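Residues per chain are reported as follows:
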Amino acid sequence: MPGGCWVCNPICGKCKPPAKKAGSCNVCGFVTVFDKTDIVLKQSLCCKMCGADLSLLVVPAPVCCSYCGQWCAYPCGKGTGPEPKIGLQKCAHISRVAPPAPEC
């Protein structure tokens, strides 16, 4: 298994984008867990306790992936890690986004 994991933690995100992401509210301190689909679509990213907007906490910034060399809207740990020693690889989990710059 990648990274030596025994069981995939849905919040981890080291080898593939996390299926869920948690955000701790700055207003009330309540922790809300969101699904990846809600985060990518940016819908209903509010605290379940007080209704504060948590989108700045849970929506990741697009990155130029160091694993595959493409822009990714929902990156995993491979995207911000070192480039693979055997060169850029094909990524099965890439979340496409229009690049903010001409090249990575």
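Before any of the text, the structure's been laid out above.
Summary of the structure given here. No experiment lies behind these values; they were computed from the predicted model shown.

About the thresholds
Residues numbered from 1 in each chain as written. Predicted model: local features only at pLDDT ≥ 70, side-chain atom pairs only at ≥ 80, totals over all residues. Heavy atoms only, no water. Helix = DSSP H or I, 4+ residues; strand = E, 2+ residues; numbered from the N terminus. Buried < 20%, exposed > 50% of the residue type's maximum accessible area, 1.4 Å probe, protein only. Areas by Shrake-Rupley, 256 points an atom, 1.4 Å probe, with all protein chains shown as cover. Patch = residues over 30% accessible without salt bridge, like charges linked within 9 Å, V, L, I, M, F, W, Y side chains within 5 Å. Salt bridge = Lys/Arg side-chain N within 4 Å of Asp/Glu carboxyl O.

## Points about the overall build of the chain
Then comes step 1: What the chain contains, in helices and strands, is three helices and four strands.
Then comes step 2: For the chain, the proportion of its 104 residues judged to be buried stands at 27%.
Then comes step 3: For the chain, the exposed surface amounts to about 7000 Å²; the carbon and sulfur share of it is 59%.

## Some details on a nonpolar patch on the surface
Then comes step 1: Side chains of Ile-11, Val-31 and Val-33 sit close together on the surface and give an oily, nonpolar patch of about 240 Å² of accessible area.
Then comes step 2: Positionally, Val-31 belongs in strand β2 (residues 31-35).
Then comes step 3: For Val-31, a relative accessible area of 48% puts it in the partly exposed group.

Interpretation note: all reported values are geometric properties and have no functional meaning in isolation.
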